[in-house]
Amino acid sequence: MASVVDTLMFVDVDGVLNVGIRDDDDSPVLLNQACIDAVTGCDDPELLDQCGSSIARLMAAASRLPDSISPGDTEICPVLLSRLARIIRAAGDGDRCSVVLSSSWRHPKHTRRVRCLERQLSKCLGEHFEFDSCTELTFEVTAGERLQCIGDFVREYCAKQSVEALRVLVLDDFFIASLDGLSPQANEAATESAAGVEAHVRRCAPEGVEIRAKLIHCYEEWVTSEGVAVQAGAGLSEEHVWAAKHFLTEEVVSPLVNKPRMLDASSLRRAFASLSICWAGLASATPLVAMHY
């Protein structure tokens, strides 16, 4: 394993630090208390009928993700923010860890919102926090375009820095989308899994760099008991936090760099001897059970 490990953590905001629900016109509805109160307090039957499916999705998300409701009319959920802070802490050495804003919030028109987010994260962390960088200021509208921006950043980072080993953590809901058919480049085969996304990120590092990549895909879809389909950027869950922290504390071993090690004759003899001892112990202690098909 390389002695020095760099970490790149790509952070999306909408769908990661809040919950967004895909609506009929594809513009997401934010899950916050103000929206819930507006719906529950509405007594206009025509409006309720007109927005019936949107209301059903909102209330289904509120029931499924009660801890992820943003308070009042705010955009950030404190619970989800605290989960991000725990992941950042787990990344360790601040000098070798870069937290990169990959959200559409990185564009200049959202500067005030980003500064507010950084202040909130500073409180959670108990120390000053600023995003170290952001991905290129392009306007993505698809998951593939977002992934391409992330890959481009990895390439440029490796080109500019002296990198021995790299771990890349991506926290994203990919525009409230599943991974089916996601293609980061026109000449690259589509992927339908987190493993495919991670493989693409690994390919963006130059040969000789030990690299590991992990996608935390903050996306859920389900169908309510009334038959309403719901798609949501569901925010960071406790399971996501565990998976991210586990990834950040593992050793960096790249499947692209490290090749299977050939055992010499003495190593093979020791291995077979160990197996023989184990088998003898098992045979004497436990009767064999026949398997029936």
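Residues numbered from 1 in each chain as written. Predicted model: local features only at pLDDT ≥ 70, side-chain atom pairs only at ≥ 80, totals over all residues. Heavy atoms only, no water.

Helical periodicity: at 3.6 residues per turn, an α-helix aligns residues three or four positions apart in one direction. Relative to the 26 Å expected for 18 residues at 1.5 Å per residue, helix α6 (residues 143-160) spans 26 Å between its end C-alpha atoms, a close match to the ideal helical length. Contacts made by the buried residues of α6 are with β1 (5-11), β4 (97-101), β5 (133-134), β6 (165-172) and α7 (194-203). (Helix = DSSP H or I, 4+ residues; strand = E, 2+ residues; numbered from the N terminus. Expected span 1.5 Å × (residues − 1). Contact = heavy atoms within 4.5 Å.)

Moving on, we come to the side chain of S98. Here S98 lies in strand β4. Discounting chain neighbours no more than four positions away, the residues touching S98 are T7, L8, M9, D132 and Y157.

Attention now goes to the sheet that holds β6. Within the open sheet, the five strands sit side by side as β5-β4-β1-β6-β7. Their pairing is parallel. The open sheet has two edge strands with one neighbour each: β5 and β7 (210-217). Here β1 pairs with β4 via five bridges, running parallel. If you follow L8 over to β4, its bridge partner there is S98. (Pairing = 2+ DSSP bridges.)

Residues with a pLDDT of 70 or more make up 80% of the protein, whose mean pLDDT is 83. Of the regions scoring below 50 in pLDDT, residues 253-293 engages in 14 contacts with residues more than four places distant in sequence or in other chains. (pLDDT = per-residue confidence, 0-100.)

When strand β8 (residues 219-223) meets strand β9 (residues 229-233), the two strands line up antiparallel, connected through five bridges. If you follow W222 over to β9, its bridge partner there is V230. Between β8 and β9, which pair antiparallel one after the other, the connecting turn spans five residues, and G227 there sits at a positive phi close to 90°.

Scanning all chains against the criterion turns up two aromatic pairs. With a centroid separation of 5.5 Å and 90° between ring planes, the pair formed by F10 and F153 is classed as edge-to-face. Remark: F153 occurs in helix α6 and F10 occurs in strand β1; sequence separation between them is 143 residues. Residue classification places F153 among the buried positions, given a relative accessible area of 13%. Directly above the aromatic system of W222 lies the positively charged group of R64, at a separation of 4.1 Å from the ring centroid. If you follow R113 out to its NZ or CZ, it ends over the ring of W105, 4.2 Å from the centre. (Phe/Tyr/Trp six-rings, centres within 6.5 Å; stacked < 30°, edge-to-face > 60°. Buried < 20%, exposed > 50% of the residue type's maximum accessible area, 1.4 Å probe, protein only. Lys NZ or Arg CZ within 6 Å of the ring centre and 35° of its normal.)

It is worth spelling out the sheet that holds β8 at this point. The four strands are arranged β3-β2-β9-β8 in an open sheet whose pairing can be described as antiparallel. Looking at strand neighbours, the two that pair on one side only are β3 (29-30) and β8, the edges of this open sheet. Across two bridges, the pairing between strand β2 (residues 20-21) and β9 is antiparallel. Across the sheet, G20 pairs through a bridge with G233, a residue of β9. Against the sheet, helix α3 (residues 52-64) touches β2, β3, β8 and β9, its axis set at about 115° to β8. (Axes fitted to C-alpha atoms, helices over the stretch in contact; angles between N-to-C directions.)

This part is about the pairing of β7. Buried residues dominate β7, accounting for seven of its eight residues. Two elements, β6 and β7, share eight bridges in a ladder whose sense is parallel. Bridge pairing in β7 links R167 to R212.

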